[in-house]
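Architecture at a glance
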Amino acid sequence: MREKDLLNEQAYKQARADEFVWQQAKANGISRKRFLQLMVGAGAAISGLPRLLHTKPAMANEVVVKPTPPDLFYDYGSNKEMRWEAMYNRGYLVPNELFFVRNNSSTPHIDQNTWRLQIEGSGVSHPREFTYNELLSLPSVSVIRAIECAGNGRSFFDTVQGRRAAGTQWKLGAIGVAEWTGVPLREVLERSGLKPTAQDVMPEGLDPSKGRRPMPIAKALDDDTLLVYAMNGQILPPDHGFPVRVLVPGWLGAASIKWVGRIEVSEEPLYSLWNTEDYVLIGSDYPPEPPALGTIITTQVVKSAFELAWDAELSAGQYLLRGRSWSAFGKIASVEVSLDGGETWQQARLRKPNLQQAWVRWDIDWEAHPGNYNLRARATDDRGNTQPLDVPFNEKGYLYGAVVSHPVSVR
């Protein structure tokens, strides 16, 4: 198709849809000839994509499916942390190829043709299951939201406080913002005969660890609590939950169960390992909430990160420092930056968009002279929550939201 023909909106949409389908087919080993045959048979419709493409067969030693080169990720085995410098000069969303990976085990390979979502439990009067195509036929929405691991920033308990917490030693790259497309969770609950007496909802994953974490019915019925099947306009990648994951905005990442295959709806409170032993704050500052061993985590805290390599080495000169700040409670109202280790602070410029339960981009000018620096950023949201200078230690290393000193050397 000629480029000028794409000035027509419908032609543009169709051309880009066809291009996307071809790229996905090619990635799955389908020849151009075979692809054209399939497209003719499917009516050349994007809705036919789930029938045309199948998940790649599992590799014996495959822990994470997508490439995670060392210039883009810190490698922690089954967990991959985004390097913040990779986001400099990029847009608001994190591309799928740069999005962090948090797995309790290896990424499972699931065929959407045999996948089923089971809805059951005492909180529904008509337990049932949904196929992949049935789910795609239900009303859908798209939202831009962050997903952040509860342990994002865990390494700073060790490097700042001298107390190493158990778990992956993330810096600040275990967060990502994407556009998520899927079906509101309430749609499948209501179609399963949701009872007015239902209290808790617990999705469960099909991965080897069978990740599961309950949420109250009120959160499950929120407009933006979704069963997601697309990420940034593409089919949900395997490492991020294909064929379907849950999105629970504002809550810790562990609540957004990947590879979901079962949802229990109960008239009684539900508990699992993920809200009694893990993803709870255990320490002298956190009282237990039986049967949990500590204070149960739901929402994340305010954080900030520079789009700059850790221990960056720069030449003297003018720089536009960039970063991002986020809060689970509201929009970011202001960001202050210190270029001298906290001695003085100045306001950064906030860039639109500034979305709730996502993040805001900001920047500040810096004339960098030779020397060693500790750059700091401190965000405040529109509810008055500000990053503190220190946070109490907890054994699992969750919710590190203190101001972080970012080391930079200028030569």
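What counts and what doesn't
Residues numbered from 1 in each chain as written. Predicted model: local features only at pLDDT ≥ 70, side-chain atom pairs only at ≥ 80, totals over all residues. Heavy atoms only, no water. Pairing = 2+ DSSP bridges. Helix = DSSP H or I, 4+ residues; strand = E, 2+ residues; numbered from the N terminus. Axes fitted to C-alpha atoms, helices over the stretch in contact; angles between N-to-C directions. pLDDT = per-residue confidence, 0-100. Contact = heavy atoms within 4.5 Å. Phe/Tyr/Trp six-rings, centres within 6.5 Å; stacked < 30°, edge-to-face > 60°. Buried < 20%, exposed > 50% of the residue type's maximum accessible area, 1.4 Å probe, protein only. Lys NZ or Arg CZ within 6 Å of the ring centre and 35° of its normal. Core = buried A, V, L, I, M, F, W, Y, C linked by side-chain atoms within 4.5 Å. Salt bridge = Lys/Arg side-chain N within 4 Å of Asp/Glu carboxyl O.

Side note on the sheet that holds strand 21 (residues 360–368)
In space, the four strands of this open sheet follow the order 15-17-21-20, with antiparallel pairing throughout. Bordering the open sheet on either side are strand 15 (303–306) and strand 20 (349–354), each of which pairs with just one other strand. Going from strand to strand, the sheet's axes swing by 25 degrees on average, the running direction of each strand aside.

What about the confidence of the model for the protein chain?
Confidence in the prediction for the protein chain averages 89 pLDDT; 85% of positions are at 70 or higher. When the criterion is pLDDT under 50, residues 1–13 qualifies, and its contacts beyond four places in sequence or with other chains add up to nine contacts. Ignoring residues within four places in sequence, the model shows residues 37–61, a span with pLDDT below 50, making 44 contacts including any to other chains.

A word on the packing of aromatic side chains
Any aromatic ring pair is given by two values, namely how distant the centres are and how the planes are angled relative to each other. Under the definition given, this model contains 17 aromatic pairs. Plain terms: the ring middles of Phe99 and Trp180 are 5.7 Å apart, the flat faces sit at 85 degrees to each other, and that makes the pair edge-to-face. Of this pair, Phe99 sits in the loop between strand 2 (79–82) and strand 3 (116–120) while Trp180 sits in strand 6 (residues 175–184), and the two are 81 residues apart along the sequence. For the pair shown, Phe99 and Trp180 are each scored as buried. One aromatic cluster is present, formed by Tyr76, Phe99, Phe100, Trp170 and Trp180 through successive ring pairs. Across the ring face of Tyr74, the terminal group of Lys171 is positioned such that the distance to the ring centre comes to 4.4 Å. For Arg378, the ring lying beneath its charged end belongs to Trp345, and the centroid distance is 3.9 Å.

Section: the nonpolar core
Counting residues in each nonpolar core, the largest one holds 37 residues, and the members touching the most others are Trp84, Trp180 and Trp359. Mapped by element, the contributors of at least two residues to this core are strand 5 (141–148), helix 5 (155–161), strand 6 and strand 9 (226–231). Per-element tally for this core: the top contributor is strand 6, with four residues. If sequence neighbours within four positions are ignored, Trp84 has contacts with Leu172, Gly173, Ile175, Ala305, Phe306, Glu307, Leu308, Arg324, Trp326 and Trp359. In this structure, Ile119, Leu138, Leu189 and Ile263 belong to the second largest nonpolar core, which totals 32 residues.

Observations concerning the pairing of strand 2
Of the two faces of strand 2, the one lined by Asn79 and Glu81 and the one lined by Lys80 and Met82 are each fully buried. Of the pairings in the sheet, the one linking strand 1 (residues 73–76) to strand 2 comprises four bridges and is antiparallel in character. Bridging across to strand 2, Phe73 finds its partner in Met82. Here strand 1 folds back onto strand 2, and the loop between the two strands holds two residues, one of which, Gly77, carries a positive phi near 75 degrees.

Some thoughts on the pattern of salt bridges
Oppositely charged side chains can form a pair if their charged atoms are brought close together. Taken as a whole and judged by the stated rule, the model has 18 salt bridges. Lys219 is paired through a salt bridge with Asp222; the nearest N and O atoms lie 3.7 Å apart. Measuring nitrogen to oxygen at the nearest pair gives 3.2 Å for the salt bridge that ties Asp365 to Arg349. Placement of the pair is Asp365 in strand 21 and Arg349 in strand 20, with a sequence separation of 16 residues. Judged by its relative accessible area of 35%, Arg349 falls in the partly exposed class.

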